[in-house]
Each structure stands twice: as structure tokens, then as C-alpha cells.
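Chain and residue survey
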Amino acid sequence: MIQAIIIDDEKASRDALSGLLKRYCKNVEVIGEADGYNSGLKMIKSKKVDVVFLDIQMPDGNGFKLLEDIGDIDFEVIFSTAFDQYAIKAIKYSALDYLLKPVNPEDLITSIEKLEEKLKKGKSNVNIKFLLDTMKSQSPEPKKIVLSTSEGMHIVEIDKILRCESEDYYTKFFLVDGKTIMVSRTLKENEEMLSEYHFFRCHKSHLVNLKYVKSYLKMDGGSILMTDGANVPVSRRKREYVLEILSNL
């Protein structure tokens, strides 16, 4: 049984999440609830838990400050929040999970399934530390991303990602130093995060960093030659757009 704590200053939100967990996630037991930073800090220090459902904005201190003040974090975190674009972006790039209020049952079920996989690998606070460092920096754009694999967490500079390739529900990252990293996240999810960093989806299975495109080859239906020598196919409907983008580089 997964032991959980809910920390949220709104009683209605706590009740709603607790009710959804009882109904849809029978393997999760809520062993405590807290209504803010101070009570949440005390509860976490007094109980052994597997996961904390943590609200970001609370009157007496936000969720990020709570995590920072705990120190040694030996549990997983699923954030719950109303829409906060900057915070959500930082959470995504840290390979952490979040739920938008009001919580959708399907999203909750998916989050718990991801949590189960994480707990099988063993608890790690690498990505939480990365998130806290990102939030403290107040940088408008993250320069790094956490890639979570079956072996552990990898913190990678976005600028050092050459391309990504889809393998079913997984994505293989190709780095400029020749390393490859496989993550359990779809190419679409990675595209959503990386498109603003000059990454382009040239094919249903391929996402390329335009910085490392060497040339466009017209033979065999069209492909992109990368600086590492890889030939990446271009889908028929993307050819004209690819040529337009490359002509402006």
C-alpha cells in the first residue's frame, strides 16, 4: 500500500483528492492531511510516507519552500495546482508530476501508475533538488532537463541534445557527445517541452535540434543530415516547411 499525505490550504481540494484516491486508486492510503506550510512541515517530519500531494501556493508559504526546508527528502512528490505556467514548466523539466485543479480522475490514475514505477526503481531526490535550484534561479527559461530512466536520473543541458527518436511510448535522446538516453516519455511530450528551443518535429518518429542540422538531402523521399552523420527522414507533408526553415537558418 502506498502511504500518502495531502497538503493543501483548501479543505474542499483535500476532500476532493482524498475522495478520488479512495474511489479510483485502491492501492493508495491517505495517512494524513495538512492545511499549509507549517502544518505540512510538521506532518512530513512525523510520518513515514511514500508520496506527498503538495499544493504550490499556500498562505503561509509555498510548496517549493516547504521542500527546501525539509532537507533530506525520502519521498516522491506530486504537485497539485491551479494553472501556473512558470511553475508547471519547471516541474515538467524536472521529470516530476503534477495535477491541475480541479483534479481529473484519469490524470490522477495516470499519476499513480507513474508513481508505482518510480517507487519500484527506488526513491531519489535528484529531480526535486533540480526543481528547487531552477525555481531559485528565477531564470525565464530552463537551460537543462532531467531525463528519468530505469537506471536513474540524468541532468542534461538542452543545448547538448542533438535529436530525439520515438520508440513506441519511449523516446531515445541522442546527445552531442555520442551518448544515448532512453526515457519513458512519448515524443509528443518531449516535443511540447523542446519546440521553443529550436527543436523541430520533421517526422512522426523524429525530433531534431535545428542547431545540429547539416543539410537537406532530396534523395529517398527527403531526409535531414545531422552533424553526427545521422540521416533523419522527413515526412512528405513536412518537406516544404523543412526547406523553408532551413533556408532561414
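Position labels on residues start from 1 in each chain and follow its written sequence. Per-residue local features of the predicted model are confined to residues with pLDDT of at least 70, and side-chain atom pairs are confined, for both listing and counting, to 80 or more; whole-chain, interface and lining totals are unaffected and use all residues. Side-chain metrics in this entry use all non-hydrogen atoms of the structure; hydrogen atoms and water are not considered.

Topic: the side chain of Ser148
Helix and strand labels come from DSSP, where a helix needs a run of H or I of at least four residues and a strand needs a run of E of at least two; each type is numbered from the N terminus. Here Ser148 lies in strand 6 (residues 144–148). Should any heavy atoms of two residues lie within 4.5 Å, those residues are counted as being in contact. Look past the residues within four positions of Ser148 in its chain and what remains in contact with it is Ala95, Lys121, Met153, Met182, Val183 and Ser184.

Brief notes about the nonpolar core
Throughout, nonpolar core names a set of buried Ala, Val, Leu, Ile, Met, Phe, Trp, Tyr and Cys residues whose side chains join them through atoms within 4.5 Å. We call a residue buried when its accessible area falls under 20% of the maximum for its residue type, exposed when it is over 50%, and partly exposed in between, using a 1.4 Å probe and counting protein chains only. Counting residues in hydrophobic clusters, the biggest one holds 28 residues, and the most contacted among them are Ile7, Leu54, Leu67, Phe75 and Phe79. In contact with Phe79, other than residues within four places in its own chain, are Leu54, Ile56, Phe64, Leu67, Ile91, Leu96, Asp97, Tyr98, Leu99 and Leu131. Ranked by size, the runner-up nonpolar core spans 17 residues in total, among them Ile145, Cys164, Phe173 and Leu207.

Here's the deal with the packing of aromatic side chains
Any two of the Phe, Tyr and Trp rings considered here, Trp counted by its six-membered ring, make a pair once their centres fall within 6.5 Å; the pair's planes then place it as stacked at under 30 degrees, edge-to-face at over 60, or tilted in between. Applying the stated rule across the entire model yields 3 aromatic pairs. Seen from their ring centres, Phe64 and Phe79 are 5.5 Å apart, and the 50° between their planes marks the pair as tilted. Linking Phe64 in helix 3 (residues 63–70) with Phe79 in strand 4 (residues 76–81), this pair joins segments that are 15 residues apart in sequence. Here Phe64 falls in the buried class, since its relative accessible area comes to 9%. Judged by its relative accessible area of 0%, Phe79 is buried. For Arg163, the ring lying beneath its charged end belongs to Phe174, and the centroid distance is 3.7 Å. Lys238 extends its terminal NZ or CZ atom over the ring of Phe200, reaching a point 5.5 Å from the ring centre. Only when the NZ of Lys or the CZ of Arg is both within 6 Å of the ring centre and within 35 degrees of the ring normal is a charge said to sit over the ring.

Remarks on the sheet that holds strand 13 (residues 213–217)
Think of it this way: DSSP has to see at least two bridges between two strands before they count as a pair. Spatially, 3 strands are ordered 13-14-15 in an open sheet, and the strand pairing comes out antiparallel. Two strands bound the open sheet, and with one partner strand each, they are strand 13 and strand 15 (231–233). Neighbour to neighbour, the strand axes of the sheet diverge by 30° on average, direction disregarded. Pairing geometry for strand 14 (residues 223–226) and strand 15, over 3 bridges, is antiparallel. Considered in strand 15, the bridge of Ser223 is made with Pro233. With respect to the sheet, helix 8 (residues 239–247) is in contact with strand 13 and strand 14, its orientation differing from that of strand 13 by roughly 135°. Comment: axis = line fitted to C-alpha atoms, over the contacting stretch for helices; angle = value between 0 and 180 degrees taken between N-to-C directions.

Let's talk about helix 6 (residues 126–137)
Given 3.6 residues to a turn, an α-helix orients residues that are three or four positions apart in the same direction. For a helix, the expected span equals 1.5 Å multiplied by the residue count minus one. Across its 12 residues, helix 6 extends 17 Å between first and last C-alpha, which sits within 8% of the 16 Å expected from 1.5 Å per residue. All buried positions along helix 6 are accounted for by Asn127, Ile128, Phe130, Leu131, Leu132, Thr134 and Met135. In this structure, the buried side of helix 6 is in contact with helix 3, strand 4, helix 4 (85–93), strand 6 and strand 7 (153–157).

Considering the packing of helix 3 against helix 6
Close contact between helix 3 and helix 6 brings their axes to 10 Å; oriented N to C, the two are set at 125°. Between helix 3 and helix 6, the angle is such that the two are oblique. By crossing handedness, the relation of helix 3 to helix 6 is classed as left-handed. Judged by residue contacts, Phe64, Leu67 and Glu68 of helix 3 engage Ile128, Leu131, Leu132, Met135 and Lys136 from helix 6. Three residue categories are used. Nonpolar comprises Ala, Val, Leu, Ile, Met, Phe, Trp, Tyr, Cys and Pro, charged comprises Asp, Glu, Lys and Arg, and polar comprises the others, including Gly. Of the residues contributing to the contact of helix 3 with helix 6, the split by class is 6 nonpolar, no polar and 2 charged. Roughly parallel here means an angle under 35 degrees, roughly antiparallel means over 145, roughly perpendicular means 65 to 115, and every remaining angle is called oblique. In this scheme the handedness of a crossing depends on how the near helix is turned from the far one: anticlockwise by less than a right angle means left-handed, clockwise means right-handed.

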